[in-house]
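Listed below are the residues making up each chain.
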Amino acid sequence: MGLLLLALLIPLAHVSALPFYNGYYSNSPHDQDPGNGYGEGLFNRVKLVVETPEETLFSYQGANVTLPCRYHYQPALVSPRPMRIKWWKLSENGALDQDVLVAIGLRHRSFGDYRGRVYLWQDEDNEVSLEIQDLRLEDSGRYRCEVIDGLEDESSLVELELWGVVFPYQPRQGRYQLNFYEAQQACEGQAAVVASFEQLFRAWEEGLDWCNAGWLQDASVRYPITLARQPCGGLGLAPGVRSYGPRHRRLYRYDVFCFAAALKGQVYYLQYPEKLTLEEAKEACQEDGAQIAKVGQLFAAWKFRGLDHCDAGWLADGSVRYPVVHPRPKCGPPEPGVRSFGFPDPQSRKYGVYCYRPR
């Protein structure tokens, strides 16, 4: 019996192992390499290439935008293969990536908040661009276009940003009162979202200087400094965006940097015969066919509509602020910006009001 078993095993020692990759067997010695990250085919050495623009795309809240994506083969195929297309949005804060759209031939399916707002453009050969309609603040971010032909897949990224403005925010309770989830709610309450690092960095490049640390979209805590000084990291550090790194989302408390997109509506200072308490200010805006403006709306009007008014007015969160584009005497500091009087007593103090009328 032992001689018989040995006789059976000896021939097997001379049989080379079959290469195995992704569930497919192949007898070609060249197919033992599973590829180099560029989507090389397993059988005919054809490379699938997916192309998207390298530069960031910018658009406005409420607008429609197309994220370009095309693919081709090297060398070109004589006959087309059945394709599956997938678009998804990459997470910025540790959450799961978000499916946007999947398409097989003429059959499309969209997901979540994108349902009914996204469409696949296939007007030209090998075009699989994604159109997003009625852009929302949360649509800003990085999108991946993936092309799958059954044997291989390849993908590429598109970055989408909305034109907007970053502003620091702290609630009525004062400095460093918000954990990460409360920071998200605070920004949403002001017609904004928590800013990303890229948005804060761009604001710093444009001159934003703020010494209080605030949450960002990825749950890191940072603050932008254009002029180094002792209370803000010390004189020995160069200007830049200072970082505390990631922080526990519930245990730590800071301010927050919010991002508000450019407006579709109008923010204006209501001409009224007398000053108002907060409740009277809300009623006055309603009587004028509008609603009391939120902080993000005032910042967006200042940034993109050139709103410039030296009179302080109530906002929806109970703060009092006013926007200055052209600094002048008796109108605050010598730099442009949105001035703040903080959170005065809403019943005893009286000011004007900034209203917002949607379009």
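Structure first, text after, so check above.
Quick caveat, the model's predicted, so the values are computed rather than measured.

Caption draft 1: Just helix 5 (residues 295-304), in detail. For helix 5, the tally of buried residues reaches eight of ten residues, placing the bulk of the element in the interior. Of the residues making up helix 5, those classed as buried are Val-295, Gly-296, Gln-297, Leu-298, Phe-299, Ala-300, Ala-301 and Trp-302. Buried residues along helix 5 sit against strand 14 (164-169), strand 19 (255-261), strand 20 (266-269), strand 23 (320-324), strand 24 (337-340) and strand 25 (352-357). The positive-phi residue at the C-terminal boundary of helix 5 is Gly-306, with phi of around 65°.

Caption draft 2: Highlighting the environment of Leu-77. By the element assignment, Leu-77 lies in the loop between strand 6 (70-74) and strand 7 (84-89). Taking relative accessible area as the criterion, Leu-77 reaches 28% and is therefore assigned partly exposed. Linking Leu-77 and Val-46, residues 31 residues apart in sequence, is a C-alpha distance of 8.2 Å.

Caption draft 3: Layout of the packing of aromatic side chains. For the structure shown, the criterion picks out 18 aromatic pairs. Where Tyr-244 meets Tyr-254, the ring centres are 5.8 Å apart and the plane angle is 65°; that geometry is what we call edge-to-face. In this pair, Tyr-244 sits in strand 18 (residues 240-246) while Tyr-254 sits in the loop between strand 18 and strand 19, placing the two residues ten residues apart along the sequence. Look at Tyr-244 and you get partly exposed, because its relative accessible area is 34%. Accessibility expressed as a relative area gives 8% for Tyr-254, which makes it buried. Seen from their ring centres, Phe-299 and Trp-302 are 6.3 Å apart, and the 90° between their planes marks the pair as edge-to-face. Taken as a pair, Phe-299 and Trp-302 lie in helix 5 at a separation of three residues, close to a single helical turn.

Caption draft 4: Local environment of the pattern of salt bridges. By the definition in use, this model includes eight salt bridges. Salt-bridge contacts for Glu-279 lead to Lys-282; the nearest nitrogen and oxygen are separated by 3.7 Å. Of the two residues, Glu-279 and Lys-282 are both situated in helix 4 (residues 278-287); the distance of three residues between them amounts to about one turn of the helix. Residue Glu-279 is classed as partly exposed on the basis of its relative accessible area of 48%. Two residues, Asp-288 and Arg-357, come together in a salt bridge whose shortest N-O distance is 3.1 Å. Taken together, the residues span a long stretch of sequence, with Asp-288 in the loop between helix 4 and strand 21 (291-292) and Arg-357 in strand 25 at a distance of 69 residues. On the basis of relative accessible area, Arg-357 is assigned to the partly exposed category, the value being 28%.

Caption draft 5: Broad picture of unusual backbone geometry. With an omega of -5°, the peptide bond between Gln-74 and Pro-75 qualifies as cis. In this structure, Pro-75 sits in the loop between strand 6 and strand 7. Backbone geometry at Ala-219 places phi at a positive 70°, although glycine is not the residue there. Structurally, Ala-219 is set in the loop between strand 16 (214-215) and strand 17 (220-225). Positive phi, normally seen in glycine, also occurs at Lys-330, with a value near 60°.

Caption draft 6: Broad picture of the side chain of Asp-255. Tracing the sequence through the fold places Asp-255 in strand 19. Buried Asp-255, no salt bridge; nearest opposite-charge side chain is Arg-175, N-O distance 5.1 Å. When sequence neighbours within four positions are dropped, the list of residues in contact with Asp-255 reads Tyr-169, Gln-170, Gly-174, Arg-175, Tyr-176, Asn-212, Ala-213, Gly-214 and Trp-215.

Caption draft 7: Main features of the state of the cysteines. Scanning the model with the defined rule gives five disulfides in all. Between the sulfur atoms of Cys-211 and its disulfide mate Cys-232 the distance is 1.8 Å. Around the S-S axis, the bridge from Cys-211 to Cys-232 shows a dihedral of about -125° and counts as left-handed. Here Cys-211, found in the loop between helix 3 (197-205) and strand 16, pairs with Cys-232, found in the loop between strand 17 and strand 18; they are 21 residues apart in sequence, far enough to count as distant. Given a relative accessible area of 24%, Cys-211 falls into the partly exposed group.

Caption draft 8: Quick look at the sheet that holds strand 10 (residues 118-121). One open sheet accounts for three strands, arranged 5-11-10; its pairing is antiparallel. In this open sheet, the two edge strands, each paired with only one partner strand, are strand 5 (65-67) and strand 10. Sheet twist, expressed as the average angle between the axes of neighbouring strands with direction ignored, equals 25°. Pairing of strand 10 with strand 11 (residues 129-132), which is carried by four bridges, proceeds in the antiparallel orientation. Looking at strand 11, one finds that Val-118 is bridged to Ile-132.

Cut-offs applied
- Here the residue numbering is sequential within each chain, running from 1 through the sequence in written order.
- In keeping with the model being predicted, local features are shown solely for residues with a pLDDT of at least 70 and side-chain atom pairs are shown and tallied solely at 80 or more, while totals for entire chains, interfaces and linings include all residues.
- Excluded from the side-chain calculations are hydrogens and water; all other atoms, namely the structure's heavy atoms, are used.
- Three exposure classes are used, based on accessible area relative to the maximum for each residue type with a 1.4 Å probe and protein chains only: buried under 20%, partly exposed in between, and exposed over 50%.
- Only DSSP runs of H or I with at least four residues qualify as helices, and only runs of E with at least two residues qualify as strands; both kinds are numbered from the N terminus onward.
- Whether two residues are in contact is decided by their heavy atoms: any pair within 4.5 Å suffices.
- Side-chain rings of Phe, Tyr and Trp (the six-membered ring for Trp) are treated as a pair once their centres are within 6.5 Å; stacked means planes under 30 degrees apart, edge-to-face means over 60, and tilted covers the remaining angles.
- By convention in these notes, a salt bridge is any Lys or Arg side-chain nitrogen within 4 Å of a carboxyl oxygen on Asp or Glu.
- The charge count includes Lys and Arg as positive and Asp and Glu as negative, but it does not include His or the ends of the chains.
- Two cysteine sulfur atoms form a disulfide, by the criterion used here, when they sit within 2.5 Å.
- Strands pair, by our definition, only if DSSP identifies at least two bridges between them.
- Helix axes are fitted only over the stretch in contact, all axes being lines through C-alpha atoms; the angle between N-to-C directions runs from 0 to 180 degrees.

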